[in-house]
Amino acid sequence: MPTRMKLGRTEVEVNSLGVGAWAWGDRMTWGYGRDYGKSEVRAAYDASRESGLDFFDTAEIYGMGRSERLLGEFVRSSDGSVVATKFFPYPWRFGPGSILGALRGSLHRLGLPRVGLYQIHWPSPAFPAQTLAQGLARIIEVGLAQAVGVSNFSPRQTREVHRALEDRGIPLASNQIEYSLLERRVETSGVLSACRELGVTVIAYSPLAMGLLSGKYTPTHPMPLARRRAFPRMDLRRLQKLIGALREVGQAHAGKTASQVALNWVMAKGALPIPGAKNAAQARENAGASGWTITPDEACYLERAADEAVRR
């Protein structure tokens, strides 16, 4: 069973491995409706809950609202799930009131009275720190979210929002960022250290690099073009050495898979990974990343292999 953790310095407690619902309803990037659909993602949700996972992350923009509607349908027939969703700063939105209005729209699609975590999906010049803090504080005051966070914010932006919320007596719970063995810029950009200093939980999206770290993609079986664009320079031949290292470490831990080791590495860094799952089998495999920990030497070994894989 996964361990428990709190989101930042809030009272919201979740399991240390979550579930990302981007693929639940998204056609463009993930192909929802082609080789998988509602019954498969429902099974993924059920398998996640049966495995002890209780944190589910979605956004109003995922599948243009379809992800929220699906997740909300699943959650209403279950117990104990913590739902997180996000505000997208469309150019026609401005002012703190738009944040509250967007959350009400998300709650309508979810069919829930409130969410566990509400996040700002991307920084925008139209929403400086004080505007964000005003809107997010109002959400907490009216009881529509238990905690608030940001996503894709730089160290400076994170500090500014943290300070503005702190002035209102509200903690910044999280910063959701891309973080995996193949995407480690947060370690050198200052984002990771800023979050640790401020007591802000790092939620890691794409912790399996959109499937590259699962080992299922090879030079003769590349990932779909819609996702390949996110890694335009990835040499799949060189990547195989990293996959081999992940499997080698997995063998030392009762035969864990490459995916499970890659997720465990993120958890060992103190972050909360939210891998996606299109079906029950993927959900169960993800859950197997919990309940054990790689050693510091194994983490260093994997990082060296990852550096070699992304070397230009």
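Note that the structure is predicted; figures quoted are calculated from it, not measured. (Residues numbered from 1 in each chain as written. Predicted model: local features only at pLDDT ≥ 70, side-chain atom pairs only at ≥ 80, totals over all residues. Heavy atoms only, no water.)

1. Some words on the packing of helix H5 (residues 155-166) against helix H7 (residues 191-198)
Interhelical geometry of H5 versus H7 gives an angle of 20 degrees and a closest axis separation of 9 Å. Judged by the inter-axis angle, H5 sits roughly parallel to H7. Of the two elements, H5 crosses H7, and the hand of that crossing is right-handed. Here Pro155, Thr158, Arg159 and His162 of H5 come into contact with H7, specifically with Val191, Ala194, Cys195, Glu197 and Leu198. Looking at the contact of H5 with H7 residue by residue, the classes come out as five nonpolar, two polar and two charged. (Axes fitted to C-alpha atoms, helices over the stretch in contact; angles between N-to-C directions. Helix = DSSP H or I, 4+ residues; strand = E, 2+ residues; numbered from the N terminus. Parallel < 35°, antiparallel > 145°, perpendicular 65-115°, else oblique. Left-handed = near helix turned anticlockwise from the far one by under 90°. Contact = heavy atoms within 4.5 Å. Nonpolar A, V, L, I, M, F, W, Y, C, P; charged D, E, K, R; others polar.)

2. Structural notes on the sheet that holds strand E6 (residues 115-120)
Here we have eight strands laid out as an open sheet, ordered E3-E4-E5-E6-E7-E8-E9-E10, and parallel in their pairing. The open sheet has two edge strands with one neighbour each: strand E3 (19-20) and strand E10 (272-273). Bridging between strand E9 (residues 201-205) and E10 involves two bridges; their strand directions are parallel. Counterpart to Ala204 in the pairing with E10 is Pro273. The strands touched by H5 are strand E7 (145-151) and strand E8 (172-178); relative to E8, the strand with the most contacts, the crossing angle is about 165 degrees. (Pairing = 2+ DSSP bridges.)

3. So, the pattern of salt bridges
In this structure the tally under the stated criterion is 18 salt bridges. For the salt bridge of Arg4 with Asp54, the shortest nitrogen-to-oxygen distance reads 2.8 Å. Here Arg4 is found in strand E1 (residues 4-6), whereas its partner Asp54 is found in the loop between helix H1 (38-50) and strand E4 (55-57), with 50 residues between them in sequence. For Arg4, a relative accessible area of 43% puts it in the partly exposed group. (Salt bridge = Lys/Arg side-chain N within 4 Å of Asp/Glu carboxyl O. Buried < 20%, exposed > 50% of the residue type's maximum accessible area, 1.4 Å probe, protein only.)

4. What to know about the pairing of E7
Within E7, six of the seven residues are buried, leaving the element largely enclosed by the surrounding structure. Relative to E7, E6 runs parallel, the two being bridged by five bridges. Each residue of the ladder has a partner; that of Gln119, found in E7, is Gly149. Crossover handedness for the path E6 to helix H4 (residues 129-141) to E7: right-handed. Bridge analysis of E7 against E8 gives three bridges, and the strand direction is parallel. (Right-handed = clockwise from strand over helix to strand, strands pointing away.)

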